[in-house]
Amino acid sequence: GRNVIAEKKGSQFPAKSIMLCAHYDCVGGSNSNFQGADDNASGCAALIEAARVLKDIDFPYTIQLAFWDEEEAGLLGSKSFPSSGGGLPEIITVVNLDMIGWDGNNDSLAMFHVTPSLPQSIDFADRMHHILTKHKIPLHSFVKNPGEPNTDHQSFWAKDIPAIGLTEDYDNDLSPHWHRFSDSIDNIHIPYFVNMSKLAIMTLCEFAQEGTSGISP
């Protein structure tokens, strides 16, 4: 029942933040310790790498790295986090990572989850695609609209924050090890995971540099 939040204050707009997040809990019973490599140690590993590579870099906007607990119990950790107030910065947008390590058919597809109720989430997905192509990351993007609601970006959609979910292909190539003991590092597609992590971190960097101003096509 505890979230873990790391924060790096922005140099110009410390009261506004860009959030990269992932849930750190996984399924398992009292008599079995599931490994949860893809769901969702993969997302958490990308956040830890973001902290490592960005720790000495200043951005205009505040960066938040959020590790949610109890996603598997109904998004409880992310639902409990306030969007602002109490000394917390106002969240401009959220990029949620939930399962970024499986590519069974080797098509390198990155799924962007958005919601039609928040058109800006669609605009931000377009910006993510621009980042992908600009930096020549070997991935193909697919915008799922409406996106999957049963993960933590839904908590922010409910608060009218234009969150984006970055995941593996939930529709046609969901990991067969999902919610099984076999969800181990042996079943992670490392090159794909690295590329998804790069996309997430580059998106965080560019959003924290540009805010909501957008990137010219």
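Each remark here, short or long, concerns the structure printed above.
Here's what I pulled together on the structure shown here. What you are looking at is a predicted structure, and each value in this text was computed from that prediction instead of being measured. Sequence positions are assigned chain by chain, starting from 1 and proceeding in written order. Thresholds applied to this predicted model are a pLDDT of at least 70 for local features of residues and 80 or more for the giving and counting of side-chain atom pairs; totals over whole chains, interfaces and linings are not thresholded and use all residues. For side-chain calculations, the full set of non-hydrogen atoms in the structure is used, while hydrogens and water are omitted.

**Observations concerning the overall build of the protein**
The cut-off we apply is this: By definition, any uninterrupted DSSP run of H or I lasting at least four residues is a helix, any uninterrupted run of E lasting at least two residues is a strand, and each is numbered from the N terminus. The reference for a compact globule is 2.2 Å times residues^0.38; the radius of gyration itself is calculated from the C-alpha atoms. To sort residues, take the accessible area from a 1.4 Å probe on protein chains only and compare it with the maximum for the residue type: under 20% means buried, over 50% means exposed, and anything in between is partly exposed. We call two residues in contact when some of their heavy atoms are within 4.5 Å. Here the open area of atoms and residues is found with the Shrake-Rupley method and a 1.4 Å probe, where only the protein chains shown may cover a residue. Working convention for charge: Lys and Arg count positive, Asp and Glu count negative, and His plus the chain ends are omitted. Each charge is placed at NZ for Lys, CZ for Arg, CG for Asp and CD for Glu.
Check the secondary structure of the protein and you find five helices and seven strands. If you list the helices and strands of the protein from N to C, you get β-β-α-β-α-β-β-α-β-α-β-α. For the protein, the C-alpha radius of gyration of 16 Å lies close to 17 Å, the compact-globule estimate for 217 residues. Each of the three principal axes of the protein carries a C-alpha extent, and together these read 50 × 40 × 35 Å. Burial status across the protein gives 49% buried among its 217 residues. Across the protein, contacts joining residues at least 24 apart in sequence account for 85% of those joining residues at least 6 apart. Surface accessibility of the protein: about 9800 Å² in total, with carbon and sulfur atoms responsible for 53%. For the protein, the centre of its 14 positive side-chain charges and the centre of its 28 negative side-chain charges are spaced 8 Å apart.

**Remarks on the pairing of strand S2 (residues 13-23)**
Test applied: Strands pair, by our definition, only if DSSP identifies at least two bridges between them.
Where S2 lies against strand S3 (residues 61-68), eight bridges are found, and the strand directions are parallel. Bridge pairing in S3 links methionine 19 to glutamine 64. Note that S2 and strand S4 (residues 90-97) share seven bridges and pair parallel. Among the inter-strand pairings, serine 17 is bridged to a residue of S4, identified as isoleucine 91.

**Notes on unusual backbone geometry**
The bulk of non-glycine residues show a negative phi, and the bulk of peptide bonds are trans. The peptide bond linking aspartate 39 to asparagine 40 adopts the cis configuration, its omega dihedral lying at 10°. Asparagine 145 connects to proline 146 through a cis peptide bond whose omega is 0°. At aspartate 160, a position not held by glycine, the phi torsion is positive, near 65°. Summarising the element assignment, aspartate 160 is placed in the loop between helix H4 (153-157) and strand S7 (164-167). Of the residues examined, aspartate 160 reaches a relative accessible area of 60% and is grouped as exposed. Look at histidine 179: it is not a glycine, yet its phi comes out positive at around 60°. Inspection of the secondary structure puts histidine 179 in the loop between S7 and helix H5 (190-210).

**Quick notes on H5**
Our working rule: By definition here, a helix of n residues has an expected span of 1.5 Å times n minus one.
For H5, spanning 21 residues, the distance from its first C-alpha to its last is 30 Å, which sits close to the expected 30 Å at 1.5 Å a residue. Of the residues trailing H5, glycine 211 is marked for its positive phi of about 65°.

**Remarks on a nonpolar patch on the surface**
Keep this limit in mind: Patch construction takes residues with relative accessible area above 30% that form no salt bridge. Like charges are linked within 9 Å, and nonpolar side chains (Val, Leu, Ile, Met, Phe, Trp, Tyr) are linked within 5 Å. A pairing counts as a salt bridge when a side-chain nitrogen of Lys or Arg comes within 4 Å of a carboxyl oxygen of Asp or Glu.
Residues Ile185, Ile190 and Val194 make up a contiguous nonpolar surface patch of about 260 Å² in total accessible area. Tracing the chain through its elements places isoleucine 190 in helix H5. A relative accessible area of 42% places isoleucine 190 in the partly exposed class.

**A look at the side chain of serine 155**
Put simply, the rule reads: Here a polar contact is recorded for every N or O atom pair within 3.5 Å, except that within protein the pair must consist of a potential hydrogen donor and a potential acceptor, and residues adjacent in sequence are included only if both atoms are side-chain atoms.
As for its position among the elements, serine 155 is in helix H4. On the accessibility criterion, serine 155 (4% relative accessible area) is buried. Within the local environment of serine 155, its side chain forms a polar contact with the side chain of serine 78, the two groups lying 2.7 Å apart. With sequence-adjacent residues up to four places away left out, serine 155 is seen in contact with Leu75, Ser78 and Lys79.

**Quick notes on the packing of helix H1 (residues 37-54) against H5**
Here is the rule we go by: Only the stretch in contact is used when fitting a helix axis, every axis being a line fitted to C-alpha atoms; angles between N-to-C directions are given from 0 to 180 degrees. Reported orientations rely on four angle classes, namely roughly parallel under 35 degrees, roughly antiparallel over 145, roughly perpendicular from 65 to 115, and oblique for the rest. By convention the crossing between two helices is left-handed if the near helix lies anticlockwise of the far one by an angle smaller than a right angle, and right-handed if it lies clockwise. Amino acid classes used here: Ala, Val, Leu, Ile, Met, Phe, Trp, Tyr, Cys and Pro are nonpolar; Asp, Glu, Lys and Arg are charged; the rest, including Gly, are polar.
For the pair H1 and H5, the least separation of the axes is 10 Å and the interaxial angle reads 50°. Judged by the inter-axis angle, H1 sits oblique to H5. For the pair H1 and H5, the sense of crossing is right-handed. Residues Ser42, Ala45, Ala46, Glu49, Ala50, Val53 and Leu54 of H1 form the contact with H5, whose participating residues are Phe193, Ser197, Ile201, Leu204 and Cys205. Here the residues of the contact of H1 with H5 sort into nine nonpolar, two polar and one charged.

**Comments concerning the pairing of strand S6 (residues 140-144)**
How we decide: Seen with its strands pointing away from the viewer, a crossover is right-handed if its path from the first strand over the helix to the second goes clockwise.
Sheet analysis places strand S5 (residues 109-113) next to S6, joined by five bridges and oriented parallel. In the sheet register, alanine 110 faces S6, and the bridge partner there is serine 141. Since S5 and S6 lie parallel, the crossover through helix H3 (residues 119-134) that links them has a hand, and here it is right-handed.

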